[in-house]
Amino acid sequence: MKLKQLLRRRWALPALCYLVALAVWIVLGAAALAGDIWARSRGSLSEQTLHAADFTLDGLEPLEGRADGEAEMLVTTTGDPQMLLADLGGRTVRTLQVFARYEGDAREMCLYYTTAAGQPYSPDRRVYPAQQADGSYLYTLPRTRIVSLRLDPCSPDEGKQVVLALDKIVLNAQVGGYFLPSWYQAFCLVLYPALAAALLDWLQAVAASWNQRRRAKQN
């Protein structure tokens, strides 16, 4: 009886929905942390530094006669340059961080991934970078099996070239944030419990109305 009385309070359903959402978020974060600990123990989740030679280049060529310290100089030859890792060899990849500088307008940058052998790259499996304080670009991948990667480091304007000074590309440089939501996740954590509370409140009102009609018929 006390629980029913409590649920009748105006704030009870929203509070309950937000508590459930918080509990689910904590469980999911703990599961992600446990999964990464297990992957590290197997050696499949480790930080790895890559360079241009580790990729299959399409629409990018080394720029002869140019040097920029330790950076590799690449120039675009098409409007859709790509850097492909066709086989990750069973490695677990959570993030990819690009340390590069651009001469020219880089425009759109994105990272495609596949989850099965032979699967084509698709806009449905694509992530965009967040620029870091040091100027690098960090791509955070979804927590799923990833078979291959295709980095589109820039998208030159038609008829123009972009020169890319590539210092390095690091896999799994920043793995974490298990309990810290992104802006989109925070938005969902605010929105969906509120929608669930509204739905439950409506269902509660419908059930109360139905009970009143049934009692009226019985009387």
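Please refer to the structure placed before this passage.
How each quantity is defined
Residues numbered from 1 in each chain as written. Predicted model: local features only at pLDDT ≥ 70, side-chain atom pairs only at ≥ 80, totals over all residues. Heavy atoms only, no water. Patch = residues over 30% accessible without salt bridge, like charges linked within 9 Å, V, L, I, M, F, W, Y side chains within 5 Å. Areas by Shrake-Rupley, 256 points an atom, 1.4 Å probe, with all protein chains shown as cover. Salt bridge = Lys/Arg side-chain N within 4 Å of Asp/Glu carboxyl O. Helix = DSSP H or I, 4+ residues; strand = E, 2+ residues; numbered from the N terminus. Buried < 20%, exposed > 50% of the residue type's maximum accessible area, 1.4 Å probe, protein only. Pairing = 2+ DSSP bridges. Expected span 1.5 Å × (residues − 1). Contact = heavy atoms within 4.5 Å. Polar contact = N/O pair within 3.5 Å; in protein donor to acceptor, adjacent residues only side chain to side chain. Core = buried A, V, L, I, M, F, W, Y, C linked by side-chain atoms within 4.5 Å. Phe/Tyr/Trp six-rings, centres within 6.5 Å; stacked < 30°, edge-to-face > 60°. Lys NZ or Arg CZ within 6 Å of the ring centre and 35° of its normal.

A. Examining a nonpolar patch on the surface more closely. Taken together, the side chains of Leu-22, Ile-26, Leu-33, Ile-37 and Phe-179 define a hydrophobic patch exposed on the protein surface, amounting to about 440 Å² of accessible area. Position of Ile-26 among the secondary structure elements: in helix α2 (residues 12-42).

B. Representation of the pairing of strand β5 (residues 82-85) within the structure. Taking every second residue as pointing to the same face, both faces of β5 are buried, with Gln-82 and Leu-84 on one and Met-83 and Leu-85 on the other. For strand β2 (residues 56-58) and β5, the ladder comprises three bridges, and the chain directions are antiparallel. By the bridge assignment, Asp-58 is partnered in β5 with Gln-82. Bridging between β5 and strand β11 (residues 148-152) involves three bridges; their strand directions are antiparallel. By the bridge assignment for β11, Leu-84 is matched with Arg-150.

C. Spotlight on α2. When the terminal C-alpha atoms of α2 are compared, their 45 Å separation across 31 residues agrees well with the 45 Å that a helix rising 1.5 Å per residue should span. Backbone geometry just downstream of α2 places Gly-43 in the positive-phi region, at approximately 85°.

D. Region of the structure containing the environment of Ser-136. With respect to the helices and strands, Ser-136 occurs in the loop between β9 (130-131) and β10 (137-140). A residue is classified by how much of its surface remains accessible, and Ser-136, at 1% relative accessible area, is buried. Distance from Ser-136 to Ala-100, taken between C-alpha atoms, is 6.6 Å for residues 36 residues apart in sequence. Residues within four places of Ser-136 in sequence aside, it is in contact with Gln-97, Val-98, Phe-99, Ala-130 and Gln-131.

E. Layout of the sheet that holds β5. The five strands lie next to each other as β2-β5-β11-β7-β8, forming an open sheet whose pairing is antiparallel. The strands lining the two open edges of the sheet, one partner per strand, are β2 and β8 (126-127).

F. Here's a closer look at the side chain of Thr-114. Inspection of the secondary structure puts Thr-114 in strand β7 (residues 110-114). Using a relative accessible area of 2% as the deciding quantity, one classes Thr-114 as buried. A distance of 2.6 Å separates polar atoms of two side chains, one belonging to Thr-114 and the other to Ser-148. Among residues more than four places away in sequence, those in contact with Thr-114 are Gln-119, Pro-120, Tyr-121, Arg-125, Arg-145, Ile-146, Val-147 and Ser-148.

G. Summary view of unusual backbone geometry. Not every positive phi belongs to a glycine, and Arg-107 is a case in point at roughly 55°. Among the residues examined, Arg-107 registers a relative accessible area of 45% and is labelled partly exposed. For Asn-172, which is not glycine, the phi dihedral falls at a positive 60°. In this structure, Asn-172 sits in the loop between β12 (163-171) and α3 (183-218). The buried category is assigned to Asn-172, whose relative accessible area is 7%.

H. Inspection of the nonpolar core at higher detail. With 30 residues, the main nonpolar core has Leu-96, Val-98, Tyr-102, Tyr-139, Leu-149, Leu-166 and Ile-169 as its most contacted residues. Listing elements by their share of this core, those giving two or more residues are β5, β6 (95-103), β7, β10, β11 and β12. When sequence neighbours within four positions are dropped, the list of residues in contact with Tyr-139 reads Arg-94, Thr-95, Leu-96, Val-98, Met-109, Cys-110, Leu-111, Val-127, Tyr-128, Pro-129, Leu-151 and Asp-152.

I. Broad picture of the environment of Ala-207. Inspection of the secondary structure puts Ala-207 in helix α3. Ala-207 sits in the partly exposed class, given a relative accessible area of 38%. Sequence-wise, Ala-207 and Pro-193 are 14 residues apart; in three dimensions their C-alpha atoms are separated by 21 Å.

J. Here's a closer look at the packing of aromatic side chains. All told, the structure shown has two aromatic pairs when counted by the stated rule. Judged by centre distance (6.3 Å) and plane angle (75°), the ring pair of Tyr-102 and Tyr-137 falls under edge-to-face. Of the two residues, Tyr-102 sits in strand β6 while Tyr-137 sits in strand β10, which places them 35 residues apart along the sequence. Judged by relative accessible area, which is 14%, Tyr-137 ranks as buried. A ring pair is formed by Tyr-112 and Tyr-121, whose centres lie 6.5 Å apart and whose planes are at 70°; its orientation type is edge-to-face. Residue classification places Tyr-112 among the buried residues on the basis of a relative accessible area of 9%. Stacked on the ring of Tyr-112, the Lys or Arg Arg-150 has its end atom at 4.2 Å from the ring centre. Just above the ring of Phe-99 sits the side chain of Lys-168; from NZ or CZ to the centre is 4.9 Å.

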